[in-house]
Amino acid sequence: MHIGAQPVPKKLIEDWKKYFPHHDYDTNYGLSESIGPGCVHLGLGNTGKIGAIGVAGYGWQVKIVDEKRAEVPQGSVGELAVKGPGVMVCYYKNPEATDEVLGKDGWLYTGDMAQMDEDGFIWLVDRKKDVIITGGENLYPVQIEDFLHKMEAVKDVAVIGLADKRLGEIAAAIIEVKQGYTCTEEDVNNFCMDLPKYKRPRKIIFAPVPRNPTGKIEKPKLREMYRTEDPFAGMKA
């Protein structure tokens, strides 16, 4: 089985392996700008690294960088950059967009936040644009989503940032409950006690989680649906 397009919860793969113990599992990472499968992949047999996207494919290089595009220490979170034979030349007739993602040295800056473990395997954390900054702390929604997927009653979940006048943003969890199950806000809050306090969702919404045809959560749509009014309204002169 090959996985791509959207990170999936580690628990889902672990459950799948219970039903199909003799099947191989692999995951592939790539972008339209850097071809698809082959850029980064887990590799067959690396079941101990389920949840990681893997290591650089043949002929490819990877690195994780900060906002100034300097490499971060191993284990730190930063933006994933890739370099290899499949990187695009440019966006057609759009030099500004090209300059945003392509370095002059041939590196493609993906917009995906990631970290590299002690064995050199890369783990996606979230999309750069989806990071929630709450009270000065960076929250990575995928980490919270993976945690909430462990709840038996949860069919699907998406975490987005909503404006907050005190913290700047708060994490909101949109939870789709499995048919035949019940789940309350209290249930979710109790379950989240195992998370660090700053990572716990401040708002719980029970509703369907929209996904596009490739299986990706439509977070822009969710932010549009649930965005709040200007949190500083009434405080301005």
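Please refer to the structure placed before this passage.
Residues numbered from 1 in each chain as written. Predicted model: local features only at pLDDT ≥ 70, side-chain atom pairs only at ≥ 80, totals over all residues. Heavy atoms only, no water.

1. Re the sheet that holds strand β11 (residues 154–164)
Spatially, the 3 strands line up as an open sheet ordered β11-β12-β13, and their pairing is mixed. Lying at the two open borders of the sheet, with one neighbouring strand each, are β11 and β13 (203–206). The sheet shows a mean angle of 25° between the axes of neighbouring strands, direction not considered. Here strand β12 (residues 168–177) runs beside β13; their pairing, made up of 4 bridges, is parallel. Counterpart to alanine 173 in the pairing with β13 is isoleucine 204. Along the sheet, helix α3 (residues 141–148) makes contact with β11 and β12, crossing β11 at roughly 145°. Where helix α5 (residues 219–226) meets the sheet, its contacts fall on β11, β12 and β13, and the angle it forms with β11 comes to roughly 60°. (Pairing = 2+ DSSP bridges. Helix = DSSP H or I, 4+ residues; strand = E, 2+ residues; numbered from the N terminus. Axes fitted to C-alpha atoms, helices over the stretch in contact; angles between N-to-C directions. Contact = heavy atoms within 4.5 Å.)

2. A short note on the side chain of threonine 110
Summarising the element assignment, threonine 110 is placed in strand β7 (residues 108–116). Under the relative-accessibility criterion, threonine 110 is labelled buried at 5%. A polar contact of 3.1 Å, which involves the side chain of threonine 110, links it to the backbone nitrogen of aspartate 112. What threonine 110 contacts, discounting residues up to four positions off in sequence, is Tyr29, Leu31, Glu79, Leu80, Val82 and Arg127. (Buried < 20%, exposed > 50% of the residue type's maximum accessible area, 1.4 Å probe, protein only. Polar contact = N/O pair within 3.5 Å; in protein donor to acceptor, adjacent residues only side chain to side chain.)

3. A look at the packing of aromatic side chains
For the structure on display, the rule yields 3 aromatic pairs. The rings of Trp16, Phe20 and Tyr25 are connected pair by pair, giving a single aromatic cluster. Lysine 63 extends its terminal NZ or CZ atom over the ring of tryptophan 107, reaching a point 4.4 Å from the ring centre. Looking at lysine 178, its charged tip hangs above the ring of tyrosine 181, at a distance of 5.6 Å from the centre. (Phe/Tyr/Trp six-rings, centres within 6.5 Å; stacked < 30°, edge-to-face > 60°. Lys NZ or Arg CZ within 6 Å of the ring centre and 35° of its normal.)

4. As for the nonpolar core
Grouped together as the largest cluster of nonpolar side chains are 18 residues, with contacts concentrated most on Leu148, Ile175 and Val188. For this core, the secondary structure elements donating two or more residues are α3, β11 and β12. Excluding residues that lie within four positions of it along the chain, isoleucine 175 makes contacts with Val154, Asp156, Val157, Val188, Ile204, Ile205, Phe206 and Ala207. Counting 17 residues, the second largest nonpolar core, distinct from the first, contains Val40, Val72, Leu102 and Ala114. (Core = buried A, V, L, I, M, F, W, Y, C linked by side-chain atoms within 4.5 Å.)

5. Points about the environment of phenylalanine 191
Among the structural elements, phenylalanine 191 can be located in helix α4 (residues 185–191). When the C-alpha positions of phenylalanine 191 and phenylalanine 147 are compared, they lie 9.3 Å apart, and in sequence the two are 44 residues distant.

6. Observations concerning the environment of glutamate 186
Within the element layout of this structure, glutamate 186 appears in helix α4. You can call glutamate 186 exposed: its relative accessible area is 56%.

7. Considerations on the state of the cysteines
Throughout the structure, instances matching the rule amount to 0 disulfides. Cysteine cysteine 39 shares no disulfide, and the gap to the nearest cysteine sulfur, in cysteine 90, comes to 18 Å. (Disulfide = S-S within 2.5 Å.)

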